[in-house]
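An overview of the molecular structure
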Amino acid sequence: MAAEDPKVKVEGLEEKVHVWPYLVRLEFLCALFVAIGLTVWSIVIDAPLEEAANPTKTPNPSKAPWYFLGLQDILVYFDPWFAGVIAPVLIIVGLMLIPYLDINPKGNGYYTYHERKVAIWVYSFGFIVLWISLIIMGVFLRGPGWNLFMPWQYWDPHRVIALVNVDLPYALGVRTYNMAMLVGGAIVSGYFALGTAAYFFMERKAIKSVGFLRMFIKVQLYLIMLGMVIKIVLRIGFNIKYILVTPWINI
């Protein structure tokens, strides 16, 4: 197996370098530095362990391990069926589908940014915004009662915040149930329809290379990821609980 170096060309042909020792040696050095850094970090900083579990006293707030706090924080903005089931399934299935949806050969065997800007930025957005930022929020900003505390605020265990959560159609002035269901459905359908149309218009050339079905699935995953961020912003900034309200399901 050989890794291609796009910067080295001989008579118009790309020269190839062997994975061993060039790539393996670099990866081994990176892994070595990371292991040394983690070892020093673990020696210098104590693990944030609490006292032994007491069945008669429930800690406030009661938090999951840090690597699950992202999912626990999503429960603030979405129903349990979505935050606990749909969102993790979409994350796992989406990651599994990447090799089948992204068939662009650029970047195979070598590291590149200029040729894969969109892919790198989309992945970075999902990983940092929808995972790392939620973990940081859950660890450092979620205090007693799972209330949101800024770093300069005292974690008051008696703090009570009365949130007046409303549905988006109600905030827009819609008061009847049937009309609210239609308005919410139109907003959700319009978001996916306009987002899909806009992406297909901007990436018309990509459809020929990857195909309609791959492009469609990829766009829907993008829109769901962006829609989760929009819903979190609506919840924090405007106390919007649901966008689509029906007798069977609320979104």
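Conventions we followed
Residues numbered from 1 in each chain as written. Predicted model: local features only at pLDDT ≥ 70, side-chain atom pairs only at ≥ 80, totals over all residues. Heavy atoms only, no water. Core = buried A, V, L, I, M, F, W, Y, C linked by side-chain atoms within 4.5 Å. Buried < 20%, exposed > 50% of the residue type's maximum accessible area, 1.4 Å probe, protein only. Phe/Tyr/Trp six-rings, centres within 6.5 Å; stacked < 30°, edge-to-face > 60°. Helix = DSSP H or I, 4+ residues; strand = E, 2+ residues; numbered from the N terminus. Lys NZ or Arg CZ within 6 Å of the ring centre and 35° of its normal. Domains from an automatic or database assignment. Contact = heavy atoms within 4.5 Å. Buried area = accessible area lost by both parts, 1.4 Å probe. Patch = residues over 30% accessible without salt bridge, like charges linked within 9 Å, V, L, I, M, F, W, Y side chains within 5 Å. Areas by Shrake-Rupley, 256 points an atom, 1.4 Å probe, with all protein chains shown as cover. Salt bridge = Lys/Arg side-chain N within 4 Å of Asp/Glu carboxyl O. Axes fitted to C-alpha atoms, helices over the stretch in contact; angles between N-to-C directions. Left-handed = near helix turned anticlockwise from the far one by under 90°. Nonpolar A, V, L, I, M, F, W, Y, C, P; charged D, E, K, R; others polar. Bend = angle between axes of the 7 residues up to and from the residue. pLDDT = per-residue confidence, 0-100.

Bringing the nonpolar core into the picture now. In this structure, I74, Y77, F78 and M228 are the most contacted members of the largest nonpolar core, which totals 15 residues. If you look at the next biggest cluster of nonpolar residues, it comprises seven residues, including A206, V210, V219 and L223.

The description of an aromatic ring pair rests on the distance of the ring centres and on the angle between the ring planes. Under the counting rule described, the total for this entry stands at ten aromatic pairs. Between W81 and F82, the ring centres sit 5.8 Å apart and the planes meet at 85°, which makes this aromatic pair edge-to-face. Overall, W81 belongs to the partly exposed group, its relative accessible area being 35%. Where Y123 meets F127, the ring centres are 6.2 Å apart and the plane angle is 5°; that geometry is what we call stacked. Highlighted residues: Y123 and F127, both in helix α4 (residues 117-141), separated by four residues, approximately one helical turn. Members of the aromatic cluster, each reached through a chain of ring pairs, are W66, Y67 and F68. When the ring centre of F149 is taken as reference, the NZ or CZ atom of R159 above it lies at 4.6 Å. Taking NZ or CZ as reference, R175 lies 3.9 Å from the ring centre of Y170, over its face.

For the chain, the domain assignment lists domain 1 (2-44), domain 2 (66-153) and domain 3 (162-251). For domain 2 versus domain 3, the separation of C-alpha centres amounts to 18 Å. Contacts between the two partners involve 21 residues from domain 2 and, on the opposite side, 19 residues from domain 3. Each partner contributes to the roughly 1,800 Å² buried at the junction of domain 2 and domain 3, and carbon and sulfur atoms together form 80% of this total.

On the surface, a nonpolar cluster with roughly 1,300 Å² of combined accessible area is contributed by F28, L29, L32, F33, V34, I36, L38, V40, W41, I43, V44 and I45. By secondary structure assignment, the location of L32 is in helix α1 (residues 19-44).

Here we take up the packing of helix α3 (residues 80-101) against helix α8 (residues 212-238). Two elements in contact, α3 and α8, have axes whose closest approach is 11 Å; the angle formed by their N-to-C orientations is 145°. Two packed elements cross with a definite hand, and for α3 against α8 that hand is left-handed. Of α8, the residues touching α3 (which contributes F82, A87, L90, G94, L97, Y100 and L101) are R214, I217, K218, L221, I224 and M228. The class makeup of the residues in the contact of α3 with α8 is ten nonpolar, one polar and two charged.

As a further point, take the environment of L141. Take L141: it is sitting in helix α4. Expressed as a C-alpha distance, the spacing of L141 and W155, which sit 14 residues apart in the sequence, is 9.4 Å. The contacts of L141, once residues within four sequence positions are left out, are I136, N147, L148, F149, M150 and P151.

Its axis deflected by about 30° at I86, α3 carries its strongest bend there, up to four residues before the proline P88. Inspection of α3 places F82, A83, A87, P88, G94 and L101 among the buried residues, and these make up the whole buried set. Elements in contact with the buried residues of α3: α2 (69-74) and α8.

Time to look at the confidence of the model for the chain. Mean pLDDT over the chain works out to 86, with 94% of the residues at or above the 70 mark. Averaged pLDDT values over the elements of the chain bottom out at 49 in strand β1 (residues 2-10) and peak at 92 in α1.

The omega torsion of the bond from W20 to P21 falls at 10°, within 30 degrees of zero and hence cis. That bond from N60 to P61 is cis: its omega, 5°, falls within 30 degrees of zero. Its location among the elements puts P61 in the loop between α1 and α2. We note that W146 has phi near 55°; this positive angle belongs to a residue other than glycine. Counting through the fold element by element, W146 comes out in the loop between α4 and α5 (168-171).

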